[in-house]
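For reference, the chains in residue letters:
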Amino acid sequence: MFIQTEATPNPATLKFIPGRVVVDGSPVEFSSREAAGRSPLAEKLFDVPGVTGVFYGSDFITVTKASGEWQQLKPAILGAIMEHYMSGVPLLADGTVQSDTELDDHGEFFDEADAETVDMIKDLIETRVRPAVANDGGDITFRGFKDGVVYLNMKGACSGCPSSTATLQHGIQNLLKHFVPDVVEVRPM
């Protein structure tokens, strides 16, 4: 098994590409050791000193570190990923691949009168923004819309990335304002 690695715009996050489907569906994020309890692979990755986040995309895994150098961390991370795939153990402990989308959808907020606007915003995020963000090792999801402000949740490499504010303010905000006149601003949650 050959696992490729790619840098992301976030220097604290590295993208690992195992050459197979990681999550068949929506992405899954583990932002703490406690959350990783539902995934044997995430637990192993959190055992690597310095690892603070794990994110599963469709065909990649991003790992975020708080300390240490990638040169020292990469062999242990690669070993954990390879061992996991060779073992045949499911990605999630219960054998399912429940994504964060079900959890995200419960926390959405917007006025019913704005439903048509929200549908346009979600469509633009889904078709134009998410594919680009996934290339950088992350994901972005709609959280809410109120008083012209779109609230988005950034995950994986995008969470805590130094360039995420610029991405939100200049890229996503400009795109949404262009296609959806009701949008005034975009903010992270």
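The coordinates are above.
Keep in mind it's a predicted model, so treat the numbers as computed, not measured. (Residues numbered from 1 in each chain as written. Predicted model: local features only at pLDDT ≥ 70, side-chain atom pairs only at ≥ 80, totals over all residues. Heavy atoms only, no water.)

Quick notes on the sheet that holds strand β7 (residues 138–146)
For the record, the criterion: A pair of strands is considered paired only if DSSP assigns at least 2 bridges between the two. Strands here are runs of E lasting at least two residues and helices are runs of H or I lasting at least four, both read from the DSSP assignment and numbered beginning at the N terminus. Residues are treated as being in contact if the distance between any of their heavy atoms lies within 4.5 Å. Only the stretch in contact is used when fitting a helix axis, every axis being a line fitted to C-alpha atoms; angles between N-to-C directions are given from 0 to 180 degrees.
The strand order β6-β7-β8-β9 describes an open sheet built from four strands, whose pairing is mixed. Looking at which strands have only one partner, the edges of the open sheet turn out to be β6 (109–110) and β9 (185–188). When β7 meets strand β8 (residues 149–156), the two strands line up antiparallel, connected through eight bridges. Note on β8: the bridge partner recorded for Gly-138 is Gly-156. Packing of helix α4 (residues 115–135) onto the sheet brings it into contact with β6, β7 and β8, and relative to β7 it is tilted by some 165 degrees.

Some thoughts on a nonpolar patch on the surface
The cut-off we apply is this: Nonpolar side chains (Val, Leu, Ile, Met, Phe, Trp, Tyr) within 5 Å and like charges within 9 Å form the patches, drawn only from residues with over 30% relative accessible area and no salt bridge. Here, Shrake-Rupley sampling with a 1.4 Å probe gives the accessible areas, and only protein chains in the shown set may cover a residue. The salt bridge criterion pairs a side-chain nitrogen of Lys or Arg with a carboxyl oxygen of Asp or Glu, the two atoms within 4 Å.
A surface patch of nonpolar side chains, amounting to about 270 Å² of accessible area, comprises Met-1, Met-82 and Met-86. Tracing the sequence through the fold places Met-82 in helix α2 (residues 70–87).

Focus: α2
For the record, the criterion: Every helix has an expected span of 1.5 Å times one less than the residues it contains. Only protein chains enter the area calculation, which uses a 1.4 Å probe; residues under 20% of their type maximum are buried, those over 50% are exposed, and those in between are partly exposed. Taking the helix axis as origin, the arc is that swept by the directions to the C-beta atoms.
In this model, α2 (18 residues) spans 25 Å end to end at C-alpha, consistent with the 26 Å of a helix rising 1.5 Å per residue. Taken residue by residue, α2 has Trp-70, Leu-73, Ile-77, Ala-80, Ile-81, His-84 and Tyr-85 as its buried positions. Buried residues along α2 cover an arc of 125 degrees about the axis, so they all sit on one side. For α2, exposure combined with an orientation more than 90 degrees from the buried face picks out Gln-71, Gln-72, Pro-75 and Met-86. Where the residues of α2 are buried, they touch β2 (13–17), α1 (40–46), β4 (51–56) and β5 (61–65). Looking at the residues trailing α2, positive phi occurs at Gly-88, about 80 degrees.

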